[in-house]
Amino acid sequence: MIVVHKYKFKDQNIILDVNSGAIHLVSDSIFDILESYKEKTKEEIISSLNNRYDEEELEKAYEDIQTLEKENMLFSDDSQITNEMLEGRGSVIKAMCLHVAHDCNLRCKYCFADKGAYVGERALMSLETGKKAIDFLLNQSGSRRNLELDFFGGEPLMNFDVVKELVRYGREAEKPLNKNIRFTITTNGVLLDEAKMDFINKEMSNVILSVDGRKEVNDEMRQTINGQGSYDVIMDNYLRFVEKREGLYYVRGTFTAKNLDFAEDVKHLVDLGFKNVSVEPVVTDPSLDYALHDSDAETIKAEYDRLTELFLEYEKQGKEFSFFHFNLDLNQGPCVYKRVAGCGAGTEYVAVSPEGDVYPCHQFVGNEEFKLGNVSDSVFENKLFDRFNKAHIYNKEACQECWAKFYCSGGCHANAYHSNGDVLKPYELGCELEKKRLECAIGIKAIEACQE
């Protein structure tokens, strides 16, 4: 089992103790000693390196490693994580993805939701069903006070009157139960007018604005119903919205084989004035011409290096921006359960279709194998709870030897299922890219720490 990950980032030698999460910036001598620290004796190591370092330096470096090991900051174990922590929690739902619209006014080529229809009939959620969904969330949340509800689609602004009424209903329904619902929304921006902007800015804790970056890149994949590009339709809306926005937002894009130079898309969005950017790799049918393949991995990793250079250069220029995958909390981070189980799909997090059907997450909606029930059911019993509750890193063979497991938490269940037919078998390309992003994120933090 890998317990230490070591790598070079620019001129820094970085050591990550996997189980404790401790990160160390070390000298060349410590970095080289750690190459064989667990396999060779002290004498053997010093003998093999005395042509590069003097013996006194090697002795001191070896002692430093021993001290860190004694303090459980190197080669620490994970014995503090018990099976009760992993699987002993009851079925308490604290977050919901509410599909208020299974319809969309765009026809994005890579849409996993069948252009908004989710392999079914196009539909808008009724107010009655939406209210039942909020009641369901409140009733299934146990003692949890802070809850999350994301208005999703399709395109939720196509059913915005219902969205507004559901926010009002949620605010009233939460009061007698002493709950607090954090509302968020994801939109493609086509219908984002001034009135909607004002309501969203007031009521939504976070907003996701979908755009793929440069005009030619966006318009290749994100087209209107009549086949025209959407960039010119949405960009002015987004810029006006962000100018008004006081709360959190992200512009979120998807990169494909058509734009492996996606660092240019991040640069384009930041240069327009967007401060919070996320660009995600597409996961789709590998036969499609825009699909990513294992053969693209090295090109994509090199592009993350380019993006890191951009991030650091803009930071130096005073043009800081947030890139979602470079956001890393090295002080506290998520709780143990989150570190091993991830997003909570199928256990703490569910998605609800316009008909009120409940699924483990938005990417499983419409798949009858994963239907958990309906918000109108008099009694709800999550029949797939055990399946998802046990889908943590200690039950995923591929995660056992992975240094990044406590950061990615085993990856996306839906991506695992759609690529391998099994939620316990992570999507391999996604794993490789996640590890690269983490190395970049940790490296950025290391450089920033050295500059303080």
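Everything in this summary refers to the structure shown in the same document. (Residues numbered from 1 in each chain as written. Predicted model: local features only at pLDDT ≥ 70, side-chain atom pairs only at ≥ 80, totals over all residues. Heavy atoms only, no water.)

### So, helix H7 (residues 194-203)
Along an α-helix, a turn takes 3.6 residues, which lines up residues three or four apart on a common side.
Okay, so step 1: Within the sequence span of H7, burial applies to Lys196, Met197, Phe199, Ile200, Asn201 and Glu203.
Okay, so step 2: Buried-residue contacts for H7 involve helix H6 (160-174), strand E8 (180-187), strand E9 (206-210) and helix H9 (231-244).
Okay, so step 3: A distance of 3.3 Å separates the backbone nitrogen of Ala195 from a side-chain oxygen at the start of H7, and that oxygen is part of Asp193. (Buried < 20%, exposed > 50% of the residue type's maximum accessible area, 1.4 Å probe, protein only. Helix = DSSP H or I, 4+ residues; strand = E, 2+ residues; numbered from the N terminus. Contact = heavy atoms within 4.5 Å. Polar contact = N/O pair within 3.5 Å; in protein donor to acceptor, adjacent residues only side chain to side chain.)

### Structural notes on the sheet that holds strand E2 (residues 12-17)
Okay, so step 1: Judged by pairing direction, the sheet is antiparallel, and its 3 strands sit side by side in the order E1-E2-E3 without closing on themselves. Bordering the open sheet on either side are strand E1 (4-9) and strand E3 (23-26), each of which pairs with just one other strand. Across the sheet, the mean angle from the axis of one strand to that of its neighbour is 25°, orientation sign disregarded.
Okay, so step 2: Here E1 runs beside E2; their pairing, made up of 6 bridges, is antiparallel. Along E2, the bridge assignment pairs Lys8 with Asn13. (Pairing = 2+ DSSP bridges. Axes fitted to C-alpha atoms, helices over the stretch in contact; angles between N-to-C directions.)

### Brief notes about the sheet that holds strand E15 (residues 373-374)
Pairing between sheet strands relies on hydrogen bonds along the backbone, with the strands arranged either parallel or antiparallel.
Okay, so step 1: Read across the sheet, 10 strands follow the order E12-E11-E10-E9-E8-E7-E4-E13-E14-E15 without closing on themselves; strand pairing throughout is mixed. Edge positions in the sheet fall to strand E12 (322-323) and E15, since each of these pairs with one other strand and no more.
Okay, so step 2: Alignment of E9 against strand E10 (residues 248-255), held across 5 bridges, turns out to be parallel. Counted as the bridge partner of Asn206 is Leu248 from E10.

### Structural notes on the nonpolar core
Okay, so step 1: Among the nonpolar cores identified, the biggest contains 114 residues, and Leu98, Phe151 and Met204 are the most heavily contacted of them.
Okay, so step 2: No other element matches the 9 residues that helix H16 (residues 428-451) contributes to this core.
Okay, so step 3: Setting aside anything within four residues of it in sequence, one finds Leu98 in contact with Met125, Ala133, Leu149, Asp150, Phe151, Phe152, Leu166 and Val352.
Okay, so step 4: With 18 residues, the next largest nonpolar core counts Phe31, Tyr37, Tyr62 and Ile65 among its residues. (Core = buried A, V, L, I, M, F, W, Y, C linked by side-chain atoms within 4.5 Å.)

### Considerations on the packing of aromatic side chains
Okay, so step 1: For the structure shown, the criterion picks out 18 aromatic pairs.
Okay, so step 2: Between Tyr314 and Phe321 the ring centres are 6.2 Å apart and the planes differ by 85°, which places this aromatic pair in the edge-to-face class. Here the two residues Tyr314 and Phe321 agree in accessibility, since each one is buried.
Okay, so step 3: One cation-aromatic arrangement involves Lys38 over Phe75; the distance from NZ or CZ to the ring centre is 4.7 Å.
Okay, so step 4: Taking the ring centre of Tyr314 as reference, the NZ or CZ of Lys319 above it sits at 3.9 Å. (Phe/Tyr/Trp six-rings, centres within 6.5 Å; stacked < 30°, edge-to-face > 60°. Lys NZ or Arg CZ within 6 Å of the ring centre and 35° of its normal.)

### A short note on the pattern of salt bridges
Okay, so step 1: On inspection of all chains with the given rule, the structure shows 35 salt bridges.
Okay, so step 2: Across the salt bridge formed by Arg214 and Asp265, the nearest N and O atoms sit 2.8 Å from each other. Of the two residues, Arg214 is situated in the loop between E9 and helix H8 (215-221) and Asp265 in helix H10 (residues 263-272); the sequence distance between them amounts to 51 residues.
Okay, so step 3: Linking Lys258 and Asp289 is a salt bridge whose minimum nitrogen-to-oxygen distance equals 3.3 Å. A residue pair is termed long-range when its members are at least 10 positions apart, and Lys258 in the loop between E10 and H10 and Asp289 in the loop between strand E11 (276-281) and helix H11 (297-316) qualify at 31 residues.
Okay, so step 4: Classification of Asp289 by relative accessible area gives exposed; the value is 57%.
Okay, so step 5: One salt-bridge network, held together by shared partners, links Glu194, Asp198, Arg240 and Lys244. (Salt bridge = Lys/Arg side-chain N within 4 Å of Asp/Glu carboxyl O.)

### Quick notes on a negative patch on the surface
Okay, so step 1: A contiguous patch of negative charge, built from Asp28, Asp54, Glu55, Glu56 and Glu57, is present on the exposed surface.
Okay, so step 2: With 3 residues, helix H3 (residues 55-70) is the largest single contributor of residues to the negative patch.
Okay, so step 3: Counting through the fold element by element, Asp54 comes out in the loop between helix H2 (42-49) and H3. (Patch = residues over 30% accessible without salt bridge, like charges linked within 9 Å, V, L, I, M, F, W, Y side chains within 5 Å. Areas by Shrake-Rupley, 256 points an atom, 1.4 Å probe, with all protein chains shown as cover. Lys, Arg positive; Asp, Glu negative; His and termini not counted. Charge placed at Lys NZ, Arg CZ, Asp CG, Glu CD.)

### Concerning unusual backbone geometry
Okay, so step 1: A cis amide bond, omega 15°, links Gly153 with the succeeding residue Gly154.
Okay, so step 2: Topologically, Gly154 is positioned in the loop between strand E7 (146-152) and H6.
Okay, so step 3: Unlike most non-glycine residues, Phe75 shows phi in positive territory, near 55°.
Okay, so step 4: As for its placement among the helices and strands, Phe75 is situated in the loop between H3 and helix H4 (83-87).

### Some words on the environment of Asn72
Okay, so step 1: If you trace the backbone, Asn72 turns up in the loop between H3 and H4.
Okay, so step 2: Distance in space between the C-alpha atoms of Asn72 and Ser20 is 7.4 Å, their sequence separation being 52 residues.
Okay, so step 3: Sequence-distant contacts of Asn72, defined by excluding residues within four places in its chain, comprise Asp17 and Ser20.

### Quick word on the packing of helix H5 (residues 127-139) against H6
Okay, so step 1: It is the contact of H5 with H6, at a shortest axis distance of 10 Å, that shows an interaxial angle of 35°. Crossing angle aside, the handedness with which H5 passes H6 is right-handed. Within the contact between the two elements, H5 uses Leu127, Gly130, Lys131, Ile134, Asp135 and Leu138 and H6 uses Val162, Glu165, Leu166, Tyr169, Gly170, Ala173 and Glu174. (Left-handed = near helix turned anticlockwise from the far one by under 90°.)

### Some points on the state of the cysteines
Okay, so step 1: For the structure shown, the criterion picks out 0 disulfides.
Okay, so step 2: Lacking any disulfide linkage, Cys104 is separated from the closest cysteine sulfur, that of Cys108, by 6.1 Å.
Okay, so step 3: You can call Cys104 buried: its relative accessible area is 11%.
Okay, so step 4: Here Cys361 stays free of any disulfide, with the sulfur of Cys412 as its closest cysteine sulfur at 6.0 Å.
Okay, so step 5: On the accessibility criterion, Cys361 (5% relative accessible area) is buried. (Disulfide = S-S within 2.5 Å.)

### With respect to the pairing of strand E4 (residues 95-99)
Okay, so step 1: Burial analysis of E4 places 5 of its 5 residues in the buried class, the great majority of the element.
Okay, so step 2: Taking every second residue as pointing to the same face, both faces of E4 are buried, with Ala95, Cys97 and His99 on one and Met96 and Leu98 on the other.
Okay, so step 3: With 5 bridges joining them, E4 and E7 adopt parallel strand pairing. For His99, the partnering residue across the bridge sits in E7 and is Phe152.
Okay, so step 4: Pairing analysis gives 4 bridges linking E4 to strand E13 (residues 349-352), with the strands arranged parallel. Counted as the bridge partner of Cys97 is Ala351 from E13.

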